Amino acid sequence: MKRLKRYFSSVIAVLMCLTILKNGNLFAGEVIELSLDKAVDIAMENSYRIKQLEMGIERNRYWLEARQASLKSRVYMNLKAPEYKAISDYKWNSELRKDEIIRQNTRLWQMDLAVRQPVLLLGYPTNGYLSLNNRTYKYIQKDGVGDINYYNRYYLKFEQPFFLPNELKNNIEEAELDLEMRELEYIRDRVWLIERVADDYFDLFEFTYNNTIYFNQIENLEKTSVIANKLAQGDSTRVMDKIQVQVELTNVKETLLRNHSDLRRQEAEAKQRLRLSLEDSVYVVPGFLFKPININMEQAVQYGYNLSPTLRVLGINKRKDEIDLNNSKGWDAFHVNLEVTYGLEKQNERHQALWEEYDNSYSTSLNAYVPIWDWGRRKSRIEAEKIGLAQTELRIEENKTEMRSEIILFVENVLEYQQRTKNMMESMDIVQQVTDVSIEQYRTGTISLQDILQIIDRQRETEINFLDTYQGYKRSLLNLMMRTYYDYENDISLIEKFRPNS
């Protein structure tokens, strides 16, 4: 593995030189070394979808604040300043016992001031309201000289519906659920973005490490070529060894150039997906960070159940269906509205007299709505809402069943690839040593050219197998993280990692 690190430096140097020659200017753009985390950060910073979701969360927070503010006092004023009426209308004259057309010519200046507060019982909104009110007006009836009346009233008013859904409480809860749903969608899209970026990153990783594999093969073939040239100089029958090694060397160099061309195209696609400038350059330094992870199967399933936004969103939809069912039971249902007022009032022809002596004033109103026959409309609405709730519950069970099967499969994949990667890393520690010893054996004539070429080819296959196994391990670990929303490498849930700031 130490030898690989030296080759990584060589690969990066070659790539940098090619980039400089291509652009013709060292300062044409930013040179970015990509890791998976950095690529994800760049993608999230430049993603329009993420920005839209952040704005959606902020919007829903304001909606929730507006709904929560409905639990606090509200002060408002209604003004009529003035209201003119100069119209004719028919009125019943009880003395004449008939209607007669009356000409009205009035002026009204009126102010209604109210402080309205929802009634809370132990912090729980009762759906009722208590208000402190003031009504003041000046009323002029013009008939010759004119008749002026002043009126002033201060009173408390209590309003309370009975046998109806608690609309105030339901509205606030729905706003809380909407905000939570937007936050979950935000987290879910960020995780989906990780998966899309990871595909590009792993492809870059593979092409870059392939360059290292071909550099290793070229170096081994060049060492063999030097030996074959010396052997051919001393023995004309060994000339074919020299030619055969040169052919192998030429083929590998061509493969290296083809791989570099694929790498350049992949870098261009990665820059486009990350929304980087065309002048920027990106590269990956392959690093094999391998730390065995202990994964408990049932705990992974529980992570999926508890952390997955999919199940939580379905749970939110279920709760909203329950609220809709509760609201539907109030449609065309029997209910009672109670309204009670008590206060002081005064009316007089003189404005100054309004504050001298007050009369008590009160009112009580109890209104009941009694449904008699609606052709089954209310019952059908309730049944429709019940079916919708049952459908949501069924979708939750279906998703939990599918999720359990997927998580079990991905846990098994991670554990299998983890063991295979561990075995391959042990092989990688000795594969170059085996090749070096074999090259020395070829120099001393212990083994033939065909033997050493096969050994060099086996080293290439071993390195490719190691890359495939390691990539399979990282991808299976990513798939498990996508299903459980838990980052096993960093030991943190993605819900906490990507939760939007308040």
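About the thresholds
Residues numbered from 1 in each chain as written. Predicted model: local features only at pLDDT ≥ 70, side-chain atom pairs only at ≥ 80, totals over all residues. Heavy atoms only, no water. Helix = DSSP H or I, 4+ residues; strand = E, 2+ residues; numbered from the N terminus. Buried < 20%, exposed > 50% of the residue type's maximum accessible area, 1.4 Å probe, protein only. Polar contact = N/O pair within 3.5 Å; in protein donor to acceptor, adjacent residues only side chain to side chain. Contact = heavy atoms within 4.5 Å. Axes fitted to C-alpha atoms, helices over the stretch in contact; angles between N-to-C directions. Parallel < 35°, antiparallel > 145°, perpendicular 65-115°, else oblique. Left-handed = near helix turned anticlockwise from the far one by under 90°. Nonpolar A, V, L, I, M, F, W, Y, C, P; charged D, E, K, R; others polar. Core = buried A, V, L, I, M, F, W, Y, C linked by side-chain atoms within 4.5 Å. Expected span 1.5 Å × (residues − 1). Bend = angle between axes of the 7 residues up to and from the residue. Salt bridge = Lys/Arg side-chain N within 4 Å of Asp/Glu carboxyl O.

Asks: Where do I start with the side chain of S361 in this structure?
Replies: The topology assignment puts S361 in strand 8 (residues 359-369). By relative accessible area, which is 6% here, S361 ends up buried. Polar contacts involving the side chain of S361 include one to the side chain of R153, which spans 3.0 Å. Those residues in contact with S361 that sit more than four places away from it in its chain are R153, T341, Y342, G343, L344 and E345.

Asks: Explain the packing of helix 6 (residues 297-307) against helix 8 (residues 377-444) to me, please; I cannot follow it from the model alone.
Replies: The relative placement of two packed helices is expressed as an angle between their axes plus a distance between the axes. With their axes 9 Å apart at the nearest point, helix 6 and helix 8 run at an angle of 135 degrees to one another. Taken together, the axis directions place helix 6 and helix 8 in an arrangement best described as oblique. Along this stretch, helix 6 crosses helix 8, giving a crossing that reads as right-handed. Across the interface between the two elements, M297, E298, A300, V301, G304 and Y305 from helix 6 touch K400, M403, R404, I407, I408, V411 and E412 from helix 8. Classifying every residue of the contact of helix 6 with helix 8 by side-chain character gives 8 nonpolar, 1 polar and 4 charged.

Asks: Just checking my understanding: could you explain the nonpolar core for this structure?
Replies: One broad rule of soluble globular proteins: the nonpolar side chains tend to lie buried together. Among the nonpolar cores identified, the biggest contains 67 residues, and L34, I295, L480 and Y488 are the most heavily contacted of them. With 15 residues, helix 4 (residues 167-234) is the largest single contributor of residues to this core. Look past the residues within four positions of Y488 in its chain and what remains in contact with it is I293, I295, A300, Y303 and L480.

Asks: Would you mind showing me how to read helix 8 here?
Replies: With 68 residues, helix 8 should reach 100 Å at 1.5 Å per residue; the first-to-last C-alpha distance of 98 Å fits that figure. Along helix 8, the largest kink reaches about 30 degrees and is centred on I430. G445, located one to two residues past helix 8, shows a positive phi value of around 85 degrees.

Asks: Can you help me understand the packing of helix 4 against helix 9 (residues 449-484) in this one?
Replies: Relative to each other, helix 4 and helix 9 sit at 170 degrees, their axes nearing to 10 Å. Of the possible angle classes, the one that applies to helix 4 and helix 9 is roughly antiparallel. Seen from above, helix 4 lies across helix 9 with right-handed handedness. A per-class count over the contact of helix 4 with helix 9 returns 21 nonpolar, 8 polar and 9 charged.

Asks: Would you mind showing me how to read the pattern of salt bridges here?
Replies: If charged atoms from side chains of opposite charge come close, those side chains can pair. Taken as a whole, this structure holds 30 salt bridges when the rule is applied. Here R483 ties to E406 by a salt bridge, and the two come within 3.2 Å at their closest N and O atoms. Taken as a pair, R483 in helix 9 and E406 in helix 8 lie far apart in primary sequence, 77 residues in all. Shared partners join several salt bridges into a network, and the residues in it are K169, E173, R319 and E322.

Fair warning: the whole summary comes from geometry, so function is off the table for now.
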